[in-house]
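# Structure at a glance
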Amino acid sequence: MRIKGDYKYEIGDLASTLNYMAQEIVRSNQIKDDFISSISHELRTPLTSIKGWSETLVSGGYDPEETKLGMSIISKESDRLIGLVEEILDFSKLQQNEMKLNIGVVNVKVLLQETILNVWAKAEKKRIRLLLECDEQLHVKGDANRLKQVFLNLVDNAIKFSHEDSSIVLSALPHNSHEAAIAVRDSGIGISESHLERVRDRFFQVDALNGGTGLGLAISQQLVELHNGKLMLDSELGSGTQVTVILPVTDRLPDAEPAPELQP
Ligand code: ADP
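Let me sum up the structure you'll find in this document. (Residues numbered from 1 in each chain as written. Predicted model: local features only at pLDDT ≥ 70, side-chain atom pairs only at ≥ 80, totals over all residues. Heavy atoms only, no water.)

Helix and strand content of the protein chain: six helices and seven strands. Ordered by position from N to C terminus, the α and β elements of the protein chain give α-α-β-α-β-β-α-β-β-α-α-β-β. For 264 residues, the compact-globule estimate of 2.2 N^0.38 gives 18 Å, and the C-alpha radius of gyration of the protein chain, at 24 Å, exceeds that figure by more than 25%. Here the C-alpha coordinates of the protein chain stretch approximately 105 × 65 × 40 Å along the principal axes. (Helix = DSSP H or I, 4+ residues; strand = E, 2+ residues; numbered from the N terminus. Rg over C-alpha atoms; globule rule 2.2 N^0.38 Å.)

The structure is reproduced here in structure tokens:
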């Protein structure tokens, strides 16, 4: 009788595990379907614009100003396509553990200044101020290009989900004796508690209508972890979001030997 009871328990257990797995498969298929439909849309939008403008320009009869406008749109939309494809390739490299880092000593202030320069024009369009509060002497060990990719993505999101005429603060301070805390803080639309756990999942977007692939935070988190760091998210719906990246600090490179003085 006891054995029968145990079996009953095990079968019940197995059934609920299978049920859970089936739900997970349905959920993950749904996420993939959503991704395919949003990525197709993301790819089609710039392609439609490139095709439209190139056909228009080929048909001729446009003045130099219109021609210049068409060419610049084609160039901008091609950059967007390249960015999307690179994001998908990076994601696949990370999934397959094939991402190689080019490790060096990175000055955090320079890293954040370069990030700001890259997104300045985009922020200007929404009259968003980008503020920098950074410890001058903070250095981390890492791949400068990959770390820049992380902060570009975080600031890009902050701009996308901020209101016009607002501010975004990039800050970097020592977190403790061996780590730095580098944060991007916005006062935008924020993320609800129920979504906060999921926004780092690959392909997840609170609202697919905002554009994007839903890969940015997943890629950023994995890149930070490859640097032995952590990515933390704090957000309140309606108040804003702060993403903090914790990275191990390192001493800066010793200054180059001063050049010997020339004898007269
Ligand atoms: P993408 O930006 O391409 O959609 P991400 O992985 O970077 O992909 O972000 C996933 C989702 O997390 C976004 O679609 C958005 O819903 C939410 N999100 C990310 N950053 C912010 C932010 N700063 N403020 C509000 N929502 C955000």
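On to the site of the ligand. Neighbouring the ligand are 20 residues; N157, D186, Q205, T213 and L217 lie closest to it. Separating an oxygen atom of the ligand from a side-chain N or O atom of N157 is a distance of 2.8 Å. Relative to its free-state accessible area of 540 Å², the ligand is covered by the protein chains to the extent of 96%. Ranked by residues supplied to the shell around the ligand, first place goes to helix α4 (residues 144-160) with four residues. (Near = heavy atom within 4 Å. Polar contact = N/O pair within 3.5 Å; in protein donor to acceptor, adjacent residues only side chain to side chain. Areas by Shrake-Rupley, 256 points an atom, 1.4 Å probe, with all protein chains shown as cover.)

Attention shifts here to the sheet that holds strand β5 (residues 179-186). What the five strands build is an open sheet, ordered β2-β4-β5-β7-β6; its pairing is mixed. Among the strands making up the open sheet, the edge pair consists of β2 (129-134) and β6 (230-236). Within this sheet the neighbouring strands show an average axis-to-axis angle of 15°, counted without direction. Of the strand pairs in this sheet, β5 and strand β7 (residues 240-248) are connected by eight bridges, and their pairing is antiparallel. Residue pairing in the sheet places D186 in a bridge with T241 of β7. Sheet strands touched by α4: β2, β4 (167-176), β5 and β7. Its angle to β5, the strand with the most contacts, is close to 25°. (Pairing = 2+ DSSP bridges. Axes fitted to C-alpha atoms, helices over the stretch in contact; angles between N-to-C directions. Contact = heavy atoms within 4.5 Å.)

With their axes 9 Å apart at the nearest point, α4 and helix α6 (residues 216-226) run at an angle of 145° to one another. The hand of the α4/α6 crossing is left-handed. Residues R146, Q149, V150, N153, L154 and N157 of α4 form the contact with α6, whose participating residues are G216, L217, I219, S220, L223 and V224. Considering only residue class, the contact of α4 with α6 consists of six nonpolar, five polar and one charged. (Left-handed = near helix turned anticlockwise from the far one by under 90°. Nonpolar A, V, L, I, M, F, W, Y, C, P; charged D, E, K, R; others polar.)

Okay, helix α3 (residues 108-125) next. The terminal C-alpha atoms of α3 lie 26 Å apart, and with 18 residues this matches the ideal 26 Å at 1.5 Å per residue to within 8%. Along α3, the helix axis deviates most sharply at V119, where the bend reaches about 55°. Listed in full, the buried residues belonging to α3 are V108, K109, L111, L112, T115, I116, V119 and A123. The elements touched by buried residues of α3 are β1 (104-107), β2, β3 (139-142), α4, β4 and β5. For α3, the N-terminal capping position is held by N107, with its side-chain oxygen 2.8 Å away from the main-chain nitrogen of K109. R127 sits one or two positions beyond α3 and adopts a positive phi of about 50°. (Expected span 1.5 Å × (residues − 1). Bend = angle between axes of the 7 residues up to and from the residue. Buried < 20%, exposed > 50% of the residue type's maximum accessible area, 1.4 Å probe, protein only.)

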